[in-house]
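Secondary and tertiary structure notes
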Amino acid sequence: MIKPIRKAVFPVAGLGTRFLPATKVMPKEMLPIVDKPLIQYAIEEAREAGIEEFVLITGRGKNIMEDHFDHAYELEAILLERGRDDDLVSVQQVAPESGALSYTRQRRPLGLGHAVWCARQFITGEPFAVLSPDDIVLSQKGCLKQMMEAYMEVGGNVVAVEDVPLDQTNRYGILDVESDDGRLAKARGLVEKPNPEDAPSTLSIIGRYILQPEVFEHLDKLEIGTGGEIQLTDAMEKTIGDIPFHGFRFEGQRFDCGTKAGFVMANLAFALKRTDIGGDIRAHLETLLKH
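What you see is a predicted model, and the numbers here were worked out from it, not measured in a lab.

What follows deals with the side chain of Gln40. Tracing the backbone shows Gln40 in helix α1 (residues 38-48). On the basis of relative accessible area, Gln40 is assigned to the buried category, the value being 7%. In this view, Gln40 contacts His68, Phe69 and Val94; residues no more than four positions away in its chain are not counted.

Following this line, the structure appears as structure tokens:
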């Protein structure tokens, strides 16, 4: 029987040094794509997919995220008084139900595997999702919801994947593919950040995962992997053979907001899709490109 996914983990403890000085006091996950912070997009994607409980793996200086997902009573009162109904609704909808959102700290930056391990008491033996706010997908149906539908077909561990240029395999976890129908790729192995000449394929994992709780049996060992960090990829790889493992090709365009170029391109892409500002943005871009 395939168990439904009710809980999601959001690793948000990184320092965001690529975006200094903007991230000197503000968490990278609070940087906005048009008018919503990255972490809010991730939470909303999880909600759309049916996630009921959320845990943020935070670090020092991340308290502003807790405030963002709380009620701002003074602001709400002002918006109500001024008749700003649309703004009031958008502010109120940010906050999940009481008790649905939890926080725990990753006290040392020891990698994604360690961040997920920090959520072990929250997961309590059931399958769960992991969403990295750095990856944002522009699509009609959310990436995680698409993954959920695939997961209900095949069970096991499911990760979102996309093909990358061969010379970029050393930036990602790469699947060693056993079979591939163009939508779901069954993996016989995983390699973390292989050099191009050693890469078993160009099918890379992005920041969306559906995982079975058995992954914690390997994360509990806190083994150091590539880059001197505890790699989630290593723990997932060790479950292959015992648990089905598939890479899922999602529909939509993914932006890597962990890079400055990806962040700027995401802002443009999401802005162009907006009915309120898309036309103005397009016209201004056309003007800029003429010079």
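Here the narrative resumes.
This part covers empty space enclosed by the protein. The full count for this structure, using the stated rule, is one cavity of 30 Å³ or more. Quantified by volume, the largest cavity comes out at close to 60 Å³. Taken together, His218, Leu219, Glu223, Ile230, Gln231, Asp234, Ala235 and Lys238 form the lining of the largest cavity. Broken down by secondary-structure element, the contributors of at least two residues to the lining of the largest cavity are α8 (215-219) and α9 (232-239). In terms of residue count, the dominant contributor to the lining of the largest cavity is α9 (three residues). When the residues that make up the lining of the largest cavity are grouped by side-chain class, the tally is three nonpolar, two polar and three charged.

Moving on: the state of the cysteines. Put plainly, two cysteines are in a disulfide when a covalent bond ties their sulfur atoms together. Taken as a whole and assessed by the stated rule, the structure comprises zero disulfides. The thiol of Cys257 is unpaired, and the distance to the nearest cysteine sulfur, on Cys143, comes to 13 Å. Judged by its relative accessible area of 0%, Cys257 falls in the buried class.

Take the packing of helix α3 (residues 73-81) against helix α4 (residues 85-92) next. It is at 8 Å that the axes of α3 and α4 come closest, and there the two elements cross at 155 degrees. Looking at the two axes, α3 sits roughly antiparallel to α4. Handedness of the α3/α4 crossing: left-handed. Residue-level inspection shows Leu75, Glu76, Leu79 and Leu80 of α3 in contact with α4, the latter providing Asp87, Leu88, Val91 and Gln92. Across the contact of α3 with α4, the residue classes break down as five nonpolar, one polar and two charged.

Definitions and cut-offs
Residues numbered from 1 in each chain as written. Predicted model: local features only at pLDDT ≥ 70, side-chain atom pairs only at ≥ 80, totals over all residues. Heavy atoms only, no water. Helix = DSSP H or I, 4+ residues; strand = E, 2+ residues; numbered from the N terminus. Buried < 20%, exposed > 50% of the residue type's maximum accessible area, 1.4 Å probe, protein only. Contact = heavy atoms within 4.5 Å. 1 Å grid on protein atoms, 1.4 Å probe; cavity = no way out; pocket = protein on both sides within 12 Å on 5 of 7 lines; lining within 4 Å. Points joined across faces, edges and corners; volume = space filled by probe spheres on them. Nonpolar A, V, L, I, M, F, W, Y, C, P; charged D, E, K, R; others polar. Disulfide = S-S within 2.5 Å. Axes fitted to C-alpha atoms, helices over the stretch in contact; angles between N-to-C directions. Parallel < 35°, antiparallel > 145°, perpendicular 65-115°, else oblique. Left-handed = near helix turned anticlockwise from the far one by under 90°.

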